[in-house]
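Each chain, letter by letter, is given below.
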Amino acid sequence: MKDWLSKFRALVLFGIVALVLSACGRENLTALDPKGYGAEVSLKLILLTTIVMTSVFLVVIILLIIVLVRFRRKKGEPLKNVPQVEGSKTLEAIWTIIPIILVGIMAVPTVVATFQLADTSDKDEHININVTGYQYWWHFEYENEEIATSQDMYIPVNKKVYVNLISNDVLHSFWVPSISGKLDVNPENVNTMFIQAYEEGVYFGKCAELCGPSHSLMDFKVVVVSEEEYEQWVNDMKSFNSQELELDAVAAEGRDLFEEKGCVACHATDSQNFVPGQKPIGPDLTQFADRSRIAGILHPTEENLYKWLKDPESVKPGNKMTGAYPELSDEEIEKISAYLMQLSPSEVTAASKE
Ligand code: HEC
Ligand SMILES: [Cu+2]
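Residues numbered from 1 in each chain as written. Chains lettered and ligands numbered in written order. Predicted model: local features only at pLDDT ≥ 70, side-chain atom pairs only at ≥ 80, totals over all residues.

K.L.:
Would you mind showing me how to read the domain arrangement of the protein chain here?
P.N.:
Frequently, the measure chosen for interface size is the accessible area removed from exposure when the parts meet. Domain annotation of the protein chain identifies domain 1 (43-67 + 88-119), domain 2 (123-237) and domain 3 (242-353). Summarising the inter-unit geometry, the C-alpha centres of domain 2 and domain 3 are found 20 Å apart. With 31 residues of domain 2 at the contact, the number on the domain 3 side is 24 residues. Secondary-structure elements contributing two or more residues to the side of domain 2 that touches domain 3 are strand E2 (137-142), strand E3 (147-150), strand E9 (201-207), strand E10 (220-225) and helix H4 (227-239). (Domains from an automatic or database assignment. Contact = placed C-beta atoms within 7 Å. Helix = DSSP H or I, 4+ residues; strand = E, 2+ residues; numbered from the N terminus.)

K.L.:
Where do I start with the environment of Glu 347 in this structure?
P.N.:
Following the sequence through the fold, Glu 347 ends up in the segment after helix H8 (330-340). Residues Glu 347 and Val 112 lie 235 residues apart in sequence; the distance between their C-alpha atoms is 41 Å.

K.L.:
Which parts of the structure should I look at to understand H8?
P.N.:
Structural remark: α-helix, 3.6 residues per turn; residues separated by three or four positions point the same way. Among the residues of H8, Lys 335, Ile 336, Tyr 339 and Leu 340 are the ones counted as buried. In a view along the axis of H8, the buried residues occupy a sector of 135 degrees, so they form one face of it. Of the residues in H8, the exposed ones pointing more than 90 degrees away from the buried face are Asp 330 and Glu 331. If you follow the buried residues of H8, they end up packed against helix H5 (249-260) and helix H6 (302-310). (Buried ≥ 20, exposed ≤ 12 C-beta atoms within 10 Å, placed from the backbone. Arc of directions from axis to C-beta.)

K.L.:
I tried to follow the pairing of E3 on my own but got confused; where do I start?
P.N.:
Successive side chains on a regular strand alternate, one facing one side of the sheet and the next facing the other. Both faces of E3 are covered, namely the face carrying Ile 147 and Thr 149 and the face carrying Ala 148 and Ser 150. Of the pairings in the sheet, the one linking E2 to E3 comprises four bridges and is antiparallel in character. Bridge pairing in E3 places Tyr 142 opposite Ile 147. The turn joining E2 and E3, which pair antiparallel and follow one another in sequence, is formed by four residues; a positive phi near 70 degrees is taken by Asn 144. (Pairing = 2+ DSSP bridges.)

K.L.:
Before we go on, may I ask you to explain the sheet that holds strand E4 (residues 152-156) in this structure?
P.N.:
Think of a sheet as strands paired side by side through backbone hydrogen bonds, with each pair either parallel or antiparallel. With respect to topology, five strands assemble into an open sheet ordered E4-E10-E9-E6-E7, the strand pairing being mixed. Every interior strand has two partners, whereas the edge strands, E4 and strand E7 (182-185), have only one. Within this sheet the neighbouring strands show an average axis-to-axis angle of 25 degrees, counted without direction. Each of E4 and E10 touches H4; the most contacted strand, E4, lies at about 130 degrees to it. (Axes fitted to C-alpha atoms, helices over the stretch in contact; angles between N-to-C directions.)

K.L.:
Help me out: how do you make sense of the sheet that holds E3 in this one?
P.N.:
One open sheet holds the five strands; their spatial order is E3-E2-E1-E5-E8, and the pairing between them is mixed. Across the chains shown, the open sheet's two edge strands, defined by having one partner strand only, are E3 and strand E8 (191-195). The average angle at which neighbouring strand axes cross in this sheet is 25 degrees, direction not considered.

K.L.:
I tried to follow the site of ligand 1 on my own but got confused; where do I start?
P.N.:
Of all residues adjacent to ligand 1, which total 29 residues, the nearest are Cys 263, Cys 266, Gly 282, Met 321 and Ala 324. If you list the elements that add at least two residues to the shell around ligand 1, you get H6 and H8. Residue-level mapping places the shell around ligand 1 at the junction of two domains, with at least three residues from each of domain 2 (123-237) and domain 3 (242-353). (Near = placed C-beta within 6 Å.)

K.L.:
I would appreciate a short explanation of the pairing of E2 in the present structure.
P.N.:
Here E2 lies mainly inside the structure; six of its six residues are buried. Here E2 shows a buried face lined by Trp 137, His 139 and Glu 141 and a second buried face lined by Trp 138, Phe 140 and Tyr 142. As paired elements, strand E1 (residues 127-134) and E2 share six bridges and run antiparallel to each other. Its bridge partner being in E2, Ile 129 is matched across the sheet by Tyr 142. Hairpin connection, E1 to E2: the antiparallel pair is bridged by two residues.

K.L.:
How do you make sense of the nonpolar core when you look at a structure like this?
P.N.:
Soluble globular proteins tend to pack their nonpolar side chains together in the buried interior. Core analysis: the largest hydrophobic core is formed by 46 residues, its most contacted members being Met 153, Val 163 and Val 222. Looking at this core, the element that brings in the most residues is E10, giving five residues. Residues contacting Met 153, with those up to four places away along its chain left out, are Ile 129, Phe 140, Phe 220, Val 222 and Val 223. Among the nonpolar cores identified, the runner-up in size contains eleven residues, and Ala 268, Ala 295, Leu 309 and Ile 336 belong to it. (Core = buried A, V, L, I, M, F, W, Y, C linked by C-beta atoms within 7 Å.)

K.L.:
Sorry, what's going on with unusual backbone geometry here?
P.N.:
Across the junction of Gln 135 and Tyr 136, the peptide omega takes the value 10 degrees, indicating a cis bond. Positive phi, normally seen in glycine, also occurs at Asn 144, with a value near 70 degrees.

K.L.:
Honestly, H4 in this entry has me stumped. Any pointers?
P.N.:
The end-to-end C-alpha separation of H4 is 19 Å, in line with the 18 Å expected for 13 residues at 1.5 Å each. Residues of H4 that are buried: Glu 229, Tyr 230, Trp 233, Val 234 and Met 237. Looking straight down H4, one finds its buried side chains confined to an arc of 135 degrees; they lie on one side. On the buried face of H4, the contacting elements are E3, E4 and E10. (Expected span 1.5 Å × (residues − 1).)

K.L.:
Mind showing me how you'd approach the packing of H6 against H8 here?
P.N.:
Between two packed helices, the angle of one axis relative to the other and the distance separating the axes together describe the packing. At a minimum axis distance of 10 Å, the contact between H6 and H8 shows a crossing angle of 120 degrees. With respect to each other, H6 and H8 are oriented oblique. Our pair here, H6 against H8, has a crossing hand that is right-handed. When H6 is examined against H8, the residues Glu 302, Leu 305, Tyr 306, Leu 309 and Lys 310 are found in contact with a partner set consisting of Ile 333, Ile 336, Ser 337 and Leu 340. Classifying every residue of the contact of H6 with H8 by side-chain character gives six nonpolar, one polar and two charged. (Parallel < 35°, antiparallel > 145°, perpendicular 65-115°, else oblique. Left-handed = near helix turned anticlockwise from the far one by under 90°. Nonpolar A, V, L, I, M, F, W, Y, C, P; charged D, E, K, R; others polar.)

Structure representation (structure tokens):
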């Protein structure tokens, strides 16, 4: 009875764990439901290798069970000599050739896909985004457009978009599980791949290389919009000028504080002074109010913005803003927040796609 109970307990525990884990996948953060070319190719390879390996496992287990059952010594049956197969050339050949064929079945499509994804011959005919990884945020510069964003990357649906990846500090890795494969982001050299999204929406991107205490918080979003929306968005971004914004008294004071407190030294707030190739020190805040998250991870609420400006260290340990600006009073934070929430150049936003 006791034995039965402990088995039952184990089963319930297993059931709960399975249930909890099965809810881990998120629609826009899973490699198992591809919404883009690289992710689709990757999933095919994952399925192929899984099928090959599962088949090998099944064949071995079935053979083992047959042998165990069929050749089991019956009760009272005398021990008998069985023919020895050691050194059999035929057997040796079979179990060398079969694995070689299996490895071939997995290797050929993998190598073909790798070369296909690394092919950059038509790079100049498509949109190029120069991506820089920083501890713990991402910067996106849209080649030939004279605009940049941080944290959120906008691309048109069904278009090939090349990302040219480089790091400003340590090794990172660029990964949008639902849309693309992974590619290393190195400080020494530019790595390039193309991404192509099949459906509009907001997809989660991750840094996939351990890069410091806030590595797991180094999230970004890929906002996939229609072609017309993309053009509109680019134009809105280009023409946005934070100095010409009509602000209420509180936000206007916030804009002054943003300069007085030295925030401007690290953060751009429009594309007016854009210099191609220039690496900013902090995220570009031009479309801060249109972001789906604050600092890549916090939902865009007043409390969260307060939390970030009061003590960024409590949000992202080891980030490069902590201690780099004078302490702000609650009143100053309120004013600066009012200003930052006016930085909304376009109607095309992450929220409009979620
Ligand atoms: C030394 C440069 C530096 C200074 C000065 C600085 N910041 Fe930052 N700021 C950063 C960096 C770096 C990050 C990104 C941190 C991360 O995500 O790892 C950041 C992030 C932010 C974010 C979140 C950005 C996003 O994209 O969601 C806001 C908002 C912000 N800073 C506002 C301010 C304000 C307001 C001031 C002035 C009081 C200021 N910063 C001063 C470097 C700086
Ligand atoms: Cu990283």
